[in-house]
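For reference, the chains in residue letters:
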Amino acid sequence: MPKIGKIELPDFPLLLAPMEDVSDPPFRALCKEQGADVVYTEFISSEGLIRDAAKSVIKLDIYEKERPVGIQIFGAELDSMLQAVDIVEKSNPDIIDINFGCPVKKVVCKNAGAGILRDIPLMVKLTEAIVKRTNLPVTVKTRLGWDHNSIKIVEVAERLQDVGIQAIAIHGRTRVQMYKGSADWKPIAEVKNNPRMHIPVFGNGDVDSPEAAEKMRDEFGLDGAMIGRASIGNPWFFKEVKHYFETGEHLSPPTMEERVIAARRHLQMAIDWKGEKLGVFETRRHYTNYFKGIPHFKEYRMKMVTSDESSDVFAAFDEVLQKFGDHQFV
Ligand SMILES: Cc1cc2nc3c(=O)[nH]c(=O)nc-3n(C[C@H](O)[C@H](O)[C@H](O)COP(=O)(O)O)c2cc1C
């Protein structure tokens, strides 16, 4: 069974990927309930944390019920990263994860995120310093390389392991690919097959069905799957994969009632966490995904995403359940 430091995980764990504006406490709680074995916060700027920027600091909120939980940080300045580690430790996460994979220009141009893939010595130096700074297990999430011609992930993973990381999650794309094309899991399997590797190697990218997860496990021999987009609006995805592993059968998709219950709980948890106004506002982006594929739904979606009062959104959920309760999801 894979372990992250002392954290024992089940065979082929499923990890909820860090996702900006998605992997917040309410969404993480829903995914955890549906079988996610490890959850991560979205990436948090080390510079934001040390400036005590409210937007960054609120992302440190974690709850007992979601453990084991990792807090992900990004940056490229050694001092800021180390100070950020000290701040993150006070929130008492189970894991500190370093983001070496974000492809976004404004992050990359400062050498942070996937930008650091152009400077492997810096990547190793930062990682080593972070590992030395904390007693928490440190993990890394990264991509295959900067571009197709500079894929050195086998060597990179080994060097990161040698400076003390406890697990690595690899997205099977390069920085240059952004999200285009399909994820290539072969180089991730090469990392896993390196006889010197002894930490868990988690695969990431395009795990969008139970069969894909099975393939990552059985054909590519990876230690677990990190799941991003397939879980958005579908926290049940973790349960679907686990059910398929156990029985070889597909679970039927969640019913309208289950979706409404999830959307209600999502909204309520967001309000409990951030207050009425922000809770209502920030949960809006999730409704499209919960209620995807329902014909003639626009009027109801508009109510959900334009109402400022939670009571109106809750009323819209009730209306949806009444009107579309029998809708068959495929
Ligand atoms: C909306 C969104 C936000 C993301 N934010 C982050 C992030 O904060 N940190 C990170 O390491 N990766 C982030 N990613 C990348 C995902 O963690 C993951 O690597 C990528 O989506 C590929 O996995 P998937 O095919 O399962 O979605 C984000 C992806 C999406 C779609």
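Residues numbered from 1 in each chain as written. Predicted model: local features only at pLDDT ≥ 70, side-chain atom pairs only at ≥ 80, totals over all residues. Heavy atoms only, no water.

The protein goes by tRNA-dihydrouridine synthase in an unreviewed UniProt entry, where it is assigned to Flagellimonas nanhaiensis. Turning to the protein, the UniProt annotation filed under Cofactor (unreviewed entry) states: "FMN". Quoted verbatim from the Sequence similarities (unreviewed entry) field of the UniProt record, the comment on the protein reads "Belongs to the dus family." (UniProt positions renumbered as here; feature names shortened; annotations may be inferred.)

Asks: Please give an account of the overall build of the protein that cites residues and values.
Replies: Helix and strand counts for the protein stand at 14 helices and ten strands. If you line up the protein on its principal axes, its C-alpha atoms span 60 × 50 × 35 Å. Per-residue burial for the protein yields a buried fraction of 56% across its 330 residues. If you take every contact in the protein between residues at least 6 apart in sequence, the share linking residues at least 24 apart comes to 68%. When the accessible area of the protein is evaluated, it comes to approximately 15000 Å², of which 49% is carbon and sulfur surface. Charge separation in the protein, taken as the distance between the mean sites of 44 positive and 49 negative side-chain charges, equals 5 Å. (Helix = DSSP H or I, 4+ residues; strand = E, 2+ residues; numbered from the N terminus. Buried < 20%, exposed > 50% of the residue type's maximum accessible area, 1.4 Å probe, protein only. Contact = heavy atoms within 4.5 Å. Areas by Shrake-Rupley, 256 points an atom, 1.4 Å probe, with all protein chains shown as cover. Lys, Arg positive; Asp, Glu negative; His and termini not counted. Charge placed at Lys NZ, Arg CZ, Asp CG, Glu CD.)

Asks: So, the packing of helix α12 (residues 276-290) against helix α13 (residues 298-306): which residues are in play, and what are the values?
Replies: Where α12 contacts α13, the axes come no closer than 8 Å and their chain directions differ by 160°. Regarding the angle of α12 to α13, the classification is roughly antiparallel. Along this stretch, α12 crosses α13, giving a crossing that reads as right-handed. Contact residues: Arg284, Tyr287 and Thr288 in α12; Arg301, Met304, Val305 and Thr306 in α13. Split into classes, the residues belonging to the contact of α12 with α13 amount to three nonpolar, two polar and two charged. (Axes fitted to C-alpha atoms, helices over the stretch in contact; angles between N-to-C directions. Parallel < 35°, antiparallel > 145°, perpendicular 65-115°, else oblique. Left-handed = near helix turned anticlockwise from the far one by under 90°. Nonpolar A, V, L, I, M, F, W, Y, C, P; charged D, E, K, R; others polar.)

Asks: Talk me through the pairing of strand β10 (residues 224-227); I want residue IDs and the actual numbers.
Replies: Residues Gly224 and Met226 of β10 are buried on one face, and the alternating residues Ala225 and Ile227, pointing to the opposite face, are buried as well. One ladder, built from three bridges, connects strand β3 (residues 14-16) with β10; its direction is parallel. Residue pairing in the sheet places Leu14 in a bridge with Ala225 of β10. Bridging between strand β9 (residues 201-204) and β10 involves three bridges; their strand directions are parallel. Across the sheet, residue Gly203 finds its bridge partner in β10, namely Ala225. For the segment spanning β9, helix α9 (residues 210-218) and β10, crossover handedness is right-handed. (Pairing = 2+ DSSP bridges. Right-handed = clockwise from strand over helix to strand, strands pointing away.)

Asks: Explain the packing of helix α11 (residues 256-274) against α12 to me, and be specific about the residues and the numbers.
Replies: For any two helices packed against each other, one specifies the crossing angle of their axes together with the interaxial distance. Viewed as axis vectors pointing N to C, α11 and α12 meet at an angle of 155°, and their least axial separation amounts to 8 Å. In this view, α11 runs roughly antiparallel relative to α12, as classed from their interaxial angle. The handedness of the crossing between α11 and α12 is right-handed. Here Arg259, Ala262, Ala263, His266, Leu267, Ala270, Ile271 and Lys274 of α11 come into contact with α12, specifically with Glu276, Leu278, Gly279, Val280, Glu282, Thr283, His286, Tyr287 and Tyr290. Considering only residue class, the contact of α11 with α12 consists of nine nonpolar, four polar and four charged.

Asks: Would you mind going over the site of the ligand in detail, with residue names and values included?
Replies: Close contacts around the ligand come from 17 residues, with Glu20, Gln72, Asn204, Asp206 and Arg229 the closest. The contact in question runs from an oxygen atom of the ligand to an N or O atom on the backbone of Asp206, over 2.7 Å. Gly228 has a polar backbone atom sitting 2.8 Å from an oxygen atom of the ligand. Against a free-state accessible area of 600 Å², the protein chains account for coverage of 87% of the ligand. With respect to the detected pockets, the ligand is housed in the second largest pocket. A per-class count over the shell around the ligand returns six nonpolar, six polar and five charged. (Near = heavy atom within 4 Å. Polar contact = N/O pair within 3.5 Å; in protein donor to acceptor, adjacent residues only side chain to side chain. 1 Å grid on protein atoms, 1.4 Å probe; cavity = no way out; pocket = protein on both sides within 12 Å on 5 of 7 lines; lining within 4 Å. Sits in = over half its atoms within 2 Å of the grid points.)

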